[in-house]
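If you want the building blocks of each chain, they are given just below.
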Amino acid sequence: MAINETSNPKIKSLQGVHLYHFGMSSCSQRVRFALEEKGIEWQSHPVNLHLMENATSEYQQIHPKGYVPAFIHDGTLLLESVDIIAYVDDVFDGPELHPNNEKQKCEMQKWIDLSNANQWCLKHLTYELIFKKLGHYSDPKEVDYYLAHQKNPELLQFVKDFVAGFSDELVQSKINEAYEFLSALNERLCSADYLAGNGFSLADIAAIVNVHRYKLCGLHVEQYVNLVQWYTKVAARDGFQRAVVAWEPR
């Protein structure tokens, strides 16, 4: 679990739980879901990616790579969503979001890692199949501002590629990758009620936001029977509704 250093006195002075996040950020969604499941009170600091607020110098002082979320607990800063949800489960009281069985803990971590590795695929399809239709990054002045202020070369190149237009081959490769991920989840859920075994865990929190996003993208998730049964069960949880659905644009 990586604790991040910061020279920002504002961050060091924050007491309680604070989350810099964006409604449709899947990484933000999984952190909000974990916080809701643990029953933790937290202060919201929205960072609107569509208004390019992650490119401001103020936010990049908090997260140098310009990603969301950024999580602060009594001045302690964490920036990776998988680190944050593990920290939330370890440090705070409330329902345990991990199995006690070591074999199942390994299984949980496996699916957290696979879900996290799938984020770049999810990002491409979200922009191509959702944000593109909504006209995001279509204003040349906004794009110029972003390219002039964003310091993360990975995000800079992503936005340049998106504005230029992803190739059909790239989009199809990401769709294929998404289906491989969904198929792997479905196969796992043939023999287990939840990804780590018989109990709800951080693995389910990490994976369901990806599955939910692919549903919004229009992928044919319904073909995976076991996955749909699991999704329906997890998505019905109050924590999911408060952490994911409530933050989506209508």
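Treat the numbers as computed from the prediction; the structure is a model and nothing was measured.

A. Main features of the pattern of salt bridges. Applying the stated criterion across every chain, the model contains eight salt bridges. The salt bridge involving Lys-110 is made with Glu-107; its shortest N-O contact spans 3.9 Å. With Lys-110 and Glu-107 both in helix H5 (residues 102-117) and three residues apart, this pair spans about one turn of that helix. Given the relative accessible area of 41%, Lys-110 is considered partly exposed. For Glu-107, the salt bridge is made with Arg-188, and the minimal N-O distance between the two is 3.6 Å. Highlighted residues: Glu-107 in helix H5 and Arg-188 in helix H9 (residues 168-188), separated in sequence by 81 residues. For the pair formed by Glu-107 and Arg-188, the shared burial category is buried. Through salt bridges with shared partners, a single network forms among Glu-107, Lys-110 and Arg-188.

B. A look at the state of the cysteines. Scanning all chains against the criterion turns up zero disulfides. Take Cys-121: it sits in no disulfide, and the sulfur closest to it among the cysteines is that of Cys-217, at 8.9 Å.

C. Geometry of the side chain of Gln-150. Mapped onto the elements, Gln-150 comes out in the loop between helix H7 (140-149) and helix H8 (153-164). Judged by its relative accessible area of 3%, Gln-150 falls in the buried class. A distance of 3.1 Å separates the side chain of Gln-150 from the backbone nitrogen of Asn-152, its partner in a polar contact.

Conventions and cut-offs
- Residues numbered from 1 in each chain as written.
- Predicted model: local features only at pLDDT ≥ 70, side-chain atom pairs only at ≥ 80, totals over all residues.
- Heavy atoms only, no water.
- Salt bridge = Lys/Arg side-chain N within 4 Å of Asp/Glu carboxyl O.
- Helix = DSSP H or I, 4+ residues; strand = E, 2+ residues; numbered from the N terminus.
- Buried < 20%, exposed > 50% of the residue type's maximum accessible area, 1.4 Å probe, protein only.
- Disulfide = S-S within 2.5 Å.
- Polar contact = N/O pair within 3.5 Å; in protein donor to acceptor, adjacent residues only side chain to side chain.

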